[in-house]
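The lines below spell out each chain.
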Amino acid sequence: MAGLGEADEAELQRLVAAEQQKAQFTAQVHHFMELCWDKCVEKPGNRLDSRTENCLSSCVDRFIDTTLTITSRFAQIVQKGGQ
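Keep in mind that what you see is a predicted model, and the values were worked out from it rather than measured. (Residues numbered from 1 in each chain as written. Predicted model: local features only at pLDDT ≥ 70, side-chain atom pairs only at ≥ 80, totals over all residues. Heavy atoms only, no water.)

Q: I'm lost on the overall build of the protein chain in this one. Help?
A: Looking only at helices and strands, the protein chain features two helices and zero strands. Expressed along its principal axes, the backbone C-alpha trace of the protein chain runs to roughly 60 × 30 × 15 Å. A total of 83 residues make up the protein chain; the buried ones form 11% of that total. When the accessible surface of the protein chain is split by element, carbon and sulfur atoms take 56% of a total near 7200 Å². Charged side chains in the protein chain number 9 positive and 12 negative. The centres of these two groups are separated by 9 Å. (Helix = DSSP H or I, 4+ residues; strand = E, 2+ residues; numbered from the N terminus. Buried < 20%, exposed > 50% of the residue type's maximum accessible area, 1.4 Å probe, protein only. Areas by Shrake-Rupley, 256 points an atom, 1.4 Å probe, with all protein chains shown as cover. Lys, Arg positive; Asp, Glu negative; His and termini not counted. Charge placed at Lys NZ, Arg CZ, Asp CG, Glu CD.)

Q: Just checking my understanding: could you explain the environment of Phe63 for this structure?
A: Note on placement: Phe63 falls in helix α2 (residues 50-82). Look at Phe63 and you get buried, because its relative accessible area is 18%. Taking C-alpha positions, Phe63 is 41 Å from Gly5, a pair spaced 58 residues apart along the chain. Ignoring sequence-local partners within four residues, the contact set of Phe63 consists of Val29 and Phe32. (Contact = heavy atoms within 4.5 Å.)

Q: Help me understand the pattern of salt bridges in this model?
A: Side chains that differ in charge, positive against negative, can pair when their charged atoms come close. Applying the stated criterion across every chain, the model contains three salt bridges. The partner of Glu11 in a salt bridge is Arg14, and the shortest N-O contact between them spans 2.7 Å. Note that Glu11 and Arg14 are positioned in helix α1 (residues 6-40) at a spacing of three residues, about one turn of the helix. For Glu11, a relative accessible area of 36% translates into the label partly exposed. Linking Glu19 and Lys22 is a salt bridge whose minimum nitrogen-to-oxygen distance equals 3.1 Å. Taken together, the positions of Glu19 and Lys22, both in helix α1 and three residues apart, correspond to about one turn of that helix. Residue Lys22 is classed as partly exposed on the basis of its relative accessible area, which comes to 49%. (Salt bridge = Lys/Arg side-chain N within 4 Å of Asp/Glu carboxyl O.)

Q: Looking at this structure, I do not really get the state of the cysteines. What am I missing?
A: Should the sulfur atoms of two cysteines be covalently bonded, the bond is a disulfide. Tallied over the entire structure, the rule returns two disulfides. Each sulfur in the disulfide pair Cys36 and Cys59 lies 1.9 Å from the other. When the S-S torsion is -85 degrees, as for the bridge of Cys36 with Cys59, the disulfide is left-handed. Separated by 23 residues along the polypeptide, Cys36 in helix α1 and Cys59 in helix α2 bring together distant segments of the chain. (Disulfide = S-S within 2.5 Å.)

Below, the structure is given as structure tokens:
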């Protein structure tokens with residue numbers, strides 16, 4: 001990248017990587033929302049019945065648990081790579 005110092009170029013690459021991760025996470029959230037909706041909502045209406053509410057809640061809980069596990073594992077890998 002012409003005109004940028006080494007430190008500036010490294011910072012720019014870090015920012016681009018962070019934005020790419022945000023975009024990937026957002027895409028995953030939208031995909032997951034679709035999956036939970038398709039799995040749990042049989043017929044959309046003005047209100048959710050308790051079964052649908054419980055299904056959506058469980059689906060989201062599984063997503064959060066999985067995301068935290070993957071994020072933790074990724075952080076471990078990155079930390080080992082940086083040593």
